Amino acid sequence: MKIASFNINGIKARIGQLTAWLSEAQPDVVVLQEIKTVDEGFPAEMIEDLGWKVWTHGQKSWNGVAVLSRLPVEEIRRGLPGDDADEQARYIEAVVMGDRHAVTVAGLYLPNGNPAPGPKYDYKLAWMDRLRQRGAELLATEQPVVMLGDYNVIPEPRDAARPENWVDDALFLPESRAAFRRIVNQGWTDAIRVTDPHATRGPFTFWDYQRQAWERDNGIRIDHLLLSPQAADLMRGAGIDRDQRAGVKPSDHVPVWVDLAA
């Protein structure tokens, strides 16, 4: 079961990139972030015509997440528990049936948090604490779980080409990194990092549109795949489809994926 995450940065602007990548990469399950549309505005038919089922949790102009699956899905959950007043569409969960295992796929778009300090940063940290609590619930099931998406956190200096440029940014502030560690330390495996644990620079998943960041490889790693112990035991490989950043008017993120023997 190949499970991928892709911050598409506007589904309507990037539907061509998405459908071409789906055909080329052949994932089985995909979670999208920043679809930037209400549910009824999502171009589901173009994806369904390729053999996919589509579930969305949309929001006008901002945020929005989706699950695409070529495999049977038994359950969908929209919205991160813990705050009934939170109206931002940032979390979607699906139970996907593989040949041998049911895998819970939790797709997320964690708040950016800038400017920090301030209310947006407070919201980010509170959201991360809610995610930690949901993560604990998912781990307690002792089932394969993949919690993946755009975390908007640079975990370590090696996850940025120029960490000194991010010192005062909400993505790299000590509180953000500590909150991410609290989640990981519950027992999750960072699938991308364990494929090359001794790397001293990168790999990266995001390159800004400004200042020739792509051309200069001035990237950061903020899209993460966290695996429960049961999912980590099934892992056959993981990777980053870096070439997707080189196209015409691409998303500023690239897909990240993990392959499970599920």
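Rules used in this analysis
- Residues numbered from 1 in each chain as written.
- Predicted model: local features only at pLDDT ≥ 70, side-chain atom pairs only at ≥ 80, totals over all residues.
- Heavy atoms only, no water.
- Pairing = 2+ DSSP bridges.
- Helix = DSSP H or I, 4+ residues; strand = E, 2+ residues; numbered from the N terminus.
- Contact = heavy atoms within 4.5 Å.
- Axes fitted to C-alpha atoms, helices over the stretch in contact; angles between N-to-C directions.
- Phe/Tyr/Trp six-rings, centres within 6.5 Å; stacked < 30°, edge-to-face > 60°.
- Buried < 20%, exposed > 50% of the residue type's maximum accessible area, 1.4 Å probe, protein only.
- Lys NZ or Arg CZ within 6 Å of the ring centre and 35° of its normal.
- Salt bridge = Lys/Arg side-chain N within 4 Å of Asp/Glu carboxyl O.
- 1 Å grid on protein atoms, 1.4 Å probe; cavity = no way out; pocket = protein on both sides within 12 Å on 5 of 7 lines; lining within 4 Å.
- Points joined across faces, edges and corners; volume = space filled by probe spheres on them.
- Nonpolar A, V, L, I, M, F, W, Y, C, P; charged D, E, K, R; others polar.
- Expected span 1.5 Å × (residues − 1).
- Bend = angle between axes of the 7 residues up to and from the residue.
- Polar contact = N/O pair within 3.5 Å; in protein donor to acceptor, adjacent residues only side chain to side chain.

## Some details on the sheet that holds strand E9 (residues 189-190)
For step 1, the next point in the chain: Pairing in this open sheet of 6 strands is mixed, and the strands run E5-E6-E7-E8-E10-E9 from one edge to the other. One side of each edge strand has no neighbouring strand; the edge strands of this open sheet are strand E5 (73-78) and E9.
For step 2, the next point in the chain: Where strand E7 (residues 102-109) lies against strand E8 (residues 145-150), 6 bridges are found, and the strand directions are parallel. Residue pairing in the sheet places Thr-104 in a bridge with Val-145 of E8.
For step 3, the next point in the chain: Contacting E5, strand E6 (91-97), E7 and E8, helix H3 (residues 119-140) runs over the sheet at an angle of about 20 degrees to E6.

## With respect to the sheet that holds strand E1 (residues 2-7)
For step 1, the next point in the chain: Judged by pairing direction, the sheet is mixed, and its 6 strands sit side by side in the order E3-E4-E2-E1-E12-E11 without closing on themselves. Sheet topology places strand E3 (53-57) and strand E11 (235-240) at the edges, where each strand pairs with a single neighbour. Within the sheet, the average angular offset between the axes of one strand and its neighbour, ignoring direction, is 15 degrees.
For step 2, the next point in the chain: Sheet topology places strand E2 (residues 29-33) next to strand E4 (residues 65-69); 5 bridges connect them, and they run antiparallel. Within E4, the position partnered with Val-30 by the bridge is Leu-68.
For step 3, the next point in the chain: Along the sheet face, helix H1 (residues 11-25) touches E1, E2 and E4 and points at about 155 degrees away from the line of E1.

## Some words on the packing of aromatic side chains
The geometry of an aromatic ring pair is captured by the separation of the ring centres together with the interplanar angle, meaning the angle of the planes.
For step 1, the next point in the chain: In the structure shown here, the tally under the stated rule is 3 aromatic pairs.
For step 2, the next point in the chain: Consider the rings of Trp-207 and Trp-214, whose centres lie 4.9 Å apart with planes at 90 degrees: the pair is edge-to-face.
For step 3, the next point in the chain: On the accessibility criterion, Trp-207 (0% relative accessible area) is buried.
For step 4, the next point in the chain: Just above the ring of Trp-257 sits the side chain of Lys-2; from NZ or CZ to the centre is 4.6 Å.
For step 5, the next point in the chain: Note that Arg-177 overlies the ring of Phe-172, its terminal NZ or CZ placed 4.2 Å from the centroid.

## Description of the pattern of salt bridges
For step 1, the next point in the chain: This model, assessed by the stated rule, comprises 13 salt bridges.
For step 2, the next point in the chain: Taking the shortest distance from any N to any O, the salt bridge between Arg-134 and Glu-137 comes out at 2.7 Å. Of this pair, Arg-134 and Glu-137 are both found in helix H3, 3 residues apart, which corresponds to roughly one turn of the helix.
For step 3, the next point in the chain: What makes Arg-134 buried here is its relative accessible area of 11%.
For step 4, the next point in the chain: The class for Glu-137 is partly exposed, based on a relative accessible area of 44%.
For step 5, the next point in the chain: Residues participating in the shared-partner salt-bridge network are Asp-159, Asp-190, Arg-193 and Arg-221.

## Digging into the layout of surface pockets
For step 1, the next point in the chain: Taken as a whole, the largest pocket spans an internal volume of roughly 810 Å³.
For step 2, the next point in the chain: For the largest pocket, the lining is made up of 35 residues, of which Tyr-109, Asn-112, Asn-114, Asn-152 and Leu-171 are closest to its centre.
For step 3, the next point in the chain: The class makeup of the residues in the lining of the largest pocket is 11 nonpolar, 13 polar and 11 charged.
For step 4, the next point in the chain: In this model, the second largest pocket occupies a volume close to 160 Å³.
For step 5, the next point in the chain: Lining the second largest pocket are Pro-155, Glu-156, Arg-177, Phe-180, Arg-181, Val-184, Asn-185, Asp-190, Arg-193 and Arg-221.
For step 6, the next point in the chain: Examining the composition of the lining of the second largest pocket, we find that 4 residues originate from one element, helix H4 (residues 174-184), more than from any other.
For step 7, the next point in the chain: Per-class residue counts for the lining of the second largest pocket are 3 nonpolar, 1 polar and 6 charged.

## Details of the side chain of Asp-190
For step 1, the next point in the chain: Within the secondary structure layout, Asp-190 lies in strand E9.
For step 2, the next point in the chain: Beyond its immediate chain neighbours, meaning those up to four positions away, Asp-190 contacts Arg-221, Leu-225 and Leu-226.

## Comments concerning H1
Along an α-helix, residues three or four apart share an orientation, since each turn contains 3.6 residues.
For step 1, the next point in the chain: With 15 residues, H1 extends only 18 Å from end C-alpha to end C-alpha; this falls clearly short of the ideal 21 Å at 1.5 Å per step.
For step 2, the next point in the chain: Along its length, H1 reaches its greatest deviation from straightness, about 35 degrees, at Gln-17.
For step 3, the next point in the chain: Within the sequence span of H1, burial applies to Ile-11, Arg-14, Ile-15, Gln-17, Leu-18, Thr-19, Trp-21, Leu-22 and Ala-25.

## A few points about the side chain of Asn-7
For step 1, the next point in the chain: Its location among the elements puts Asn-7 in strand E1.
For step 2, the next point in the chain: Assessed through its relative accessible area of 0%, Asn-7 is described here as buried.
For step 3, the next point in the chain: Reaching out from Asn-7, the side chain makes a polar contact with the side chain of Asp-150 at a distance of 2.9 Å.
For step 4, the next point in the chain: In terms of polar contacts, Asn-7 uses its side chain to reach the side chain of His-253, at 3.3 Å.
For step 5, the next point in the chain: Once you skip the residues sitting within four places of it in the chain, Asn-7 turns out to touch Gln-33, Glu-34, Tyr-109, Asp-150, Asp-223, Ser-251 and His-253.

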